[in-house]
Amino acid sequence: RFYQFVESQPLLSAEQELAYGKALRLWMQIEKKRDELCEEKACNSSFIGAELDQISSPSAGGGGNNLQNTVEADDEAEAAVEVHDVTFSELAESIGCSERTLIKMQRYGEISKQKLINSNLKLVLAVVSRYRTSGIPNAELIAEGTRGLSKAALRYDYSKGFRFATYATWYVHQSISEYVRWR
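I will try to describe carefully the structure that is included in this document.

**Re the overall build of the protein chain**
Logical step 1: Scanning the protein chain from terminus to terminus reveals eight helices and zero strands.
Logical step 2: Along the protein chain, helices and strands appear, N-terminal first, in the series α-α-α-α-α-α-α-α.
Logical step 3: Taken over 183 residues, the protein chain has a buried fraction of 29%.
Logical step 4: For the protein chain, the share of sequence-separated contacts (at least 6 apart) that also reach a separation of at least 24 residues comes to 75%.

Structure follows, in structure tokens:
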């Protein structure tokens, strides 16, 4: 079934790769902005938590209790990082677009990634064929190659003028060779 799926995937033209690359790059920039906002929220909450700890902790006391308070404050700060996530509305506001537009950009970014990956699965099969003598099942090599292809899609820089397959070949080789080396 997998080989039939790979054969049924159409190859992309240079214009399609460029459009998908732009959409994916835009979405990755938005994700980076989301991470920055998340870190900012976490820093603000941990700063407020530290101020509250200073206010509530007694200035005089035993050293062992102070160490315990510090450990508890660190645990609370880690929990605060997990709790504080950026909502779509906050992200849309920081970028300067509507929430609906942001959702559309997310969908198109995901579709772009899938199109780039699916249309280049033949590349993974070509690279896997070079490692058949390693004694590792093809399914495992294909899975590793697909991971490398996914990483290449996330890091693809369309502005340099290279086709995606040229760019992705290195990532696929790297992921498969690392897998074979450590297996």
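**Let's talk about helix α6 (residues 121-129)**
Logical step 1: For α6, the set of buried residues is L121, L123, V124, L125, V127 and V128.
Logical step 2: Contacts from the buried residues of α6 go to α1 (2-8), α5 (99-118), α7 (138-155) and α8 (164-182).

**With respect to the pattern of salt bridges**
Logical step 1: According to the stated counting rule, one finds six salt bridges in the structure shown.
Logical step 2: R34 is the salt-bridge partner of E31, the closest N and O atoms lying 3.7 Å from each other. Taken together, the positions of E31 and R34, both in helix α2 (residues 14-56) and three residues apart, correspond to about one turn of that helix.
Logical step 3: By relative accessible area, which is 22% here, E31 ends up partly exposed.
Logical step 4: A salt bridge links E178 to R181, with the shortest nitrogen-to-oxygen separation between them at 2.3 Å. You can see E178 and its partner R181 sitting in helix α8, three residues apart, about one turn around the helix.
Logical step 5: Residue E178 is classed as partly exposed on the basis of its relative accessible area of 32%.

**Comments concerning the packing of α7 against α8**
Logical step 1: Packing of α7 against α8 leaves a shortest axis separation of 7 Å and a crossing angle of 135°. Of the possible angle classes, the one that applies to α7 and α8 is oblique. Our pair here, α7 against α8, has a crossing hand that is right-handed. Between α7, through E140, L141, E144, G145, G148, L149, K151, A152, A153 and R155, and α8, the contact on the second element is made entirely by F164, Y167, A168, Y171, V172, S175, I176, Y179 and V180.
Logical step 2: Its residues placed into classes, the contact of α7 with α8 shows twelve nonpolar, three polar and four charged.

**What about the packing of helix α4 (residues 88-95) against α5?**
Logical step 1: Between α4 and α5, the shortest axis-to-axis distance is 9 Å and the interhelical angle comes to 95°. Taken together, the axis directions place α4 and α5 in an arrangement best described as roughly perpendicular. Here α4 contributes F88, S89, L91, A92 and I95 to the contact with α5, which in turn contributes E99, L102, I103 and Q106.
Logical step 2: By residue class, the composition of the contact of α4 with α5 is six nonpolar, two polar and one charged.

**Details of the packing of aromatic side chains**
Logical step 1: In total, this model carries six aromatic pairs according to the counting rule given.
Logical step 2: Arranged with centres 6.2 Å apart and planes meeting at 50°, the rings of Y20 and Y108 form a pair that is tilted. Residue Y20 is found in helix α2, and its partner Y108 is found in helix α5; the two are separated by 88 residues along the sequence.
Logical step 3: For Y108, a relative accessible area of 38% corresponds to the partly exposed category.
Logical step 4: Pairing Y167 with Y171 gives two aromatic rings, centres 5.6 Å apart and planes at 40°, and the pair type is tilted. In this pair, Y167 and Y171 both sit in helix α8, four residues apart, roughly one turn of the helix.
Logical step 5: Take Y171: its relative accessible area is 13%, and that puts it in the buried class.
Logical step 6: Through successive ring pairs, a cluster of aromatic residues spans Y156, F164, Y167, W170 and Y171.

Basis of the calculations
Residues numbered from 1 in each chain as written. Predicted model: local features only at pLDDT ≥ 70, side-chain atom pairs only at ≥ 80, totals over all residues. Heavy atoms only, no water. Helix = DSSP H or I, 4+ residues; strand = E, 2+ residues; numbered from the N terminus. Buried < 20%, exposed > 50% of the residue type's maximum accessible area, 1.4 Å probe, protein only. Contact = heavy atoms within 4.5 Å. Salt bridge = Lys/Arg side-chain N within 4 Å of Asp/Glu carboxyl O. Axes fitted to C-alpha atoms, helices over the stretch in contact; angles between N-to-C directions. Parallel < 35°, antiparallel > 145°, perpendicular 65-115°, else oblique. Left-handed = near helix turned anticlockwise from the far one by under 90°. Nonpolar A, V, L, I, M, F, W, Y, C, P; charged D, E, K, R; others polar. Phe/Tyr/Trp six-rings, centres within 6.5 Å; stacked < 30°, edge-to-face > 60°.

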